[in-house]
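Here's the letter readout for the chains.
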Amino acid sequence: MNTSTSAASPVQARRLLIVGPPGAGKGTQAVRLAEELSIPAISTGDIFRANVSGETELGVLAKSYMDKGEYVPDSVTNDMVRSRLGEADAQDGFLLDGYPRTLDQVEALDGMLTELGTTLDAVLLLVVETEEVVGRLVERGKQQGRSDDTEETIRHRLEVYSEQTAPLIDVYEKRDLVRRVDGMAAIDDVTTSLREALAGR
Ligand code: AMP
């Protein structure tokens, strides 16, 4: 029996979601946490953007939705995630960022995990104030030139989030998976809180 590895690593959960509204800092935190846990951070937004840049068929389709601040259709998104979760680096864990975003996607993810013979360990929820995230996203739009970071599209994305994605939190609450973390704190403090939230399980 070897317990030294687990004793050295306070964070055990390895199949994780990070959720929160656009601009909550999911991407930044996902990359940090995933690196610490040696699991891939899988961002559906990043995969779509890579396809847009590569002008693939998927990218052309996704862009038409992304530019309007709408969700890419579930069937397309689910197929993409199923294929990504089947890759070798995701077999020992993953941190999904930006997926699932609809109830249909929750069901699809449940099915994928059943097929893989596994379950989720935790859902990390970044809690932020709406006006703060609008400010952050407007700033990101200026710095990174993301075509969906204009104020009008941002407001629409936030509406879509509260209508279609916020209800997912209840679903995962009922499964006792949700760990809430204050996303308004400084970046390093948020990372620390996320680490603690996972270790506290
Ligand atoms: P993000 O970088 O996570 O904010 O995603 C940027 C955009 O990609 C979203 O506004 C959607 O258009 C699209 N997208 C990302 N993830 C999903 C998803 N799970 N379901 C549908 N559309 C998504």
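As the structure is a computational prediction, the values presented were derived from the model and not from experiment. (Residues numbered from 1 in each chain as written. Predicted model: local features only at pLDDT ≥ 70, side-chain atom pairs only at ≥ 80, totals over all residues. Heavy atoms only, no water.)

**Student:** A description of the confidence of the model for the chain should follow, citing residues and the corresponding values.
**Tutor:** In this model, the chain carries an average pLDDT of 92, and 94% of its residues clear a pLDDT of 70 or more. pLDDT under 50 marks residues 1-11. Its contacts with residues more than four places away, or in other chains, come to five contacts. (pLDDT = per-residue confidence, 0-100. Contact = heavy atoms within 4.5 Å.)

**Student:** Quick rundown of the site of the ligand? Include the residues and the values.
**Tutor:** The environment of the ligand is made up of 16 residues, and the closest members are Thr44, Arg49, Glu70, Gly98 and Arg101. Contacts to the ligand include Arg49, whose side-chain N or O atom sits 2.9 Å from an oxygen atom. The protein chains hide 96% of the 480 Å² of surface that the ligand would expose on its own. Of all the elements, helix H3 (residues 44-53) adds the most residues to the shell around the ligand, at four residues. Of the residues in the shell around the ligand, the class split is five nonpolar, five polar and six charged. (Near = heavy atom within 4 Å. Polar contact = N/O pair within 3.5 Å; in protein donor to acceptor, adjacent residues only side chain to side chain. Areas by Shrake-Rupley, 256 points an atom, 1.4 Å probe, with all protein chains shown as cover. Helix = DSSP H or I, 4+ residues; strand = E, 2+ residues; numbered from the N terminus. Nonpolar A, V, L, I, M, F, W, Y, C, P; charged D, E, K, R; others polar.)

**Student:** Describe the pattern of salt bridges, with residues and values.
**Tutor:** Taken as a whole and judged by the stated rule, the model has 18 salt bridges. Between Arg49 and Asp46 there is a salt bridge, with the nearest N and O atoms lying 2.8 Å from each other. Residue Arg49 and its partner Asp46 are located together in helix H3, separated by three residues, close to a single helical turn. Here Asp46 falls in the partly exposed class, since its relative accessible area comes to 46%. Of the charged contacts in the structure, one is a salt bridge between Arg84 and Asp89, with a shortest N-O distance of 2.8 Å. Taking the relative accessible area as the measure of exposure, Asp89 reaches 41% and is therefore partly exposed. Members of the salt-bridge network, linked through shared partners, are Arg140, Arg146, Asp148, Asp149 and Arg157. (Salt bridge = Lys/Arg side-chain N within 4 Å of Asp/Glu carboxyl O. Buried < 20%, exposed > 50% of the residue type's maximum accessible area, 1.4 Å probe, protein only.)

**Student:** How would you explain the sheet that holds strand S5 (residues 178-182) if you had to name every residue and give the values?
**Tutor:** In spatial order, the strands read S2-S3-S1-S4-S5; together these five strands make up an open sheet with parallel pairing. The open sheet terminates on both sides in strands that have one partner only, identified here as strand S2 (41-43) and S5. Averaged over all pairs of adjacent strands, the angle between strand axes in this sheet comes to 25°, irrespective of strand direction. Of the pairings in the sheet, the one linking S2 to strand S3 (residues 94-97) comprises three bridges and is parallel in character. Pairing of Ile42 across the sheet is with Leu96, part of S3. (Pairing = 2+ DSSP bridges. Axes fitted to C-alpha atoms, helices over the stretch in contact; angles between N-to-C directions.)

**Student:** Summarise unusual backbone geometry; cite the residues concerned and give the values.
**Tutor:** The omega torsion across Tyr99 and Pro100 is -5°, close enough to zero to call that bond cis. For Ser38, which is not glycine, the phi dihedral falls at a positive 55°. Mapped onto the elements of the fold, Ser38 is located in the loop between helix H2 (26-37) and S2. With phi around 60°, Asp176 is a residue other than glycine that occupies positive phi space. By the secondary structure assignment, Asp176 is in the loop between helix H8 (151-174) and S5.

**Student:** Go over the environment of Leu103 with me, naming the residues and quoting the values.
**Tutor:** Tracing the chain through its elements places Leu103 in helix H6 (residues 103-116). Along the chain, Leu103 and Leu168 lie 65 residues apart, while their C-alpha atoms are 6.5 Å from each other. Those residues in contact with Leu103, other than ones at most four positions away along the chain, are Leu168 and Val171.

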